[in-house]
Amino acid sequence: MKGKNRRKDNTVAGEAVIQALSIDAILAQLASMKDNALSFIVEKEGADPVWAADVAACEAATAILSALQDEGIKDPEQVRDLVHDYKALAEQYQKMHQRWVAVRRGAVRGTPG
């Protein structure tokens, strides 16, 4: 999400409270929020489309968090660690691939890499 201003301290609850929430607790809260938004859709004909968007957002967030949970992630800090590790490994892989390409080009030309 490059370019987005996502400051950690831009929360109502505060970073410490957020870090204390497990993925299970977040999923439970998302289910509650989805149920609340659904109640506005069901109770009113011609309800504001924002409620349908809220339901879709809750469902999407639930799918993402469930996938992370399926891989053993239990809290927001582990998500950050996973993303950090992924970026580091991707950069390492890219450098290794560039070296391999350079060596391969040298071998094709008949010169040492």
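If you're wondering where the values come from, they're calculated on a predicted model, not measured in any experiment. (Residues numbered from 1 in each chain as written. Predicted model: local features only at pLDDT ≥ 70, side-chain atom pairs only at ≥ 80, totals over all residues. Heavy atoms only, no water.)

1. Examining the overall build of the protein
Here's step 1: Secondary structure summary: the protein contains four helices and zero strands in total.
Here's step 2: The N-to-C order of helical and strand elements in the protein reads α-α-α-α.
Here's step 3: Looking at the 113 residues of the protein, the share that counts as buried comes to 11%.
Here's step 4: Look at the contacts in the protein between residues 6 or more apart in sequence, and 60% of them connect residues 24 or more apart.
Here's step 5: As presented, the protein carries roughly 9100 Å² of accessible surface, and 58% of it is formed by carbon and sulfur atoms. (Helix = DSSP H or I, 4+ residues; strand = E, 2+ residues; numbered from the N terminus. Buried < 20%, exposed > 50% of the residue type's maximum accessible area, 1.4 Å probe, protein only. Contact = heavy atoms within 4.5 Å. Areas by Shrake-Rupley, 256 points an atom, 1.4 Å probe, with all protein chains shown as cover.)

2. Quick word on the pattern of salt bridges
Here's step 1: Tallied over the entire structure, the rule returns three salt bridges.
Here's step 2: Where Glu77 meets Arg80, a salt bridge forms, and the shortest distance between an N and an O atom there is 3.7 Å. Of this pair, Glu77 and Arg80 both sit in helix 4 (residues 76-109), three residues apart, which is roughly one turn of the helix.
Here's step 3: A salt bridge links Lys95 to Glu91; the nearest nitrogen and oxygen atoms lie 3.2 Å apart. With Lys95 and Glu91 both in helix 4 and four residues apart, this pair spans about one turn of that helix.
Here's step 4: Judged by relative accessible area, which is 43%, Lys95 ranks as partly exposed.
Here's step 5: Given a relative accessible area of 45%, Glu91 falls into the partly exposed group. (Salt bridge = Lys/Arg side-chain N within 4 Å of Asp/Glu carboxyl O.)

3. Re a nonpolar patch on the surface
Here's step 1: Residues Leu38, Ile41 and Val42 make up a contiguous nonpolar surface patch of roughly 240 Å² in combined accessible area.
Here's step 2: Structurally, Val42 can be placed in helix 2 (residues 23-43). (Patch = residues over 30% accessible without salt bridge, like charges linked within 9 Å, V, L, I, M, F, W, Y side chains within 5 Å.)

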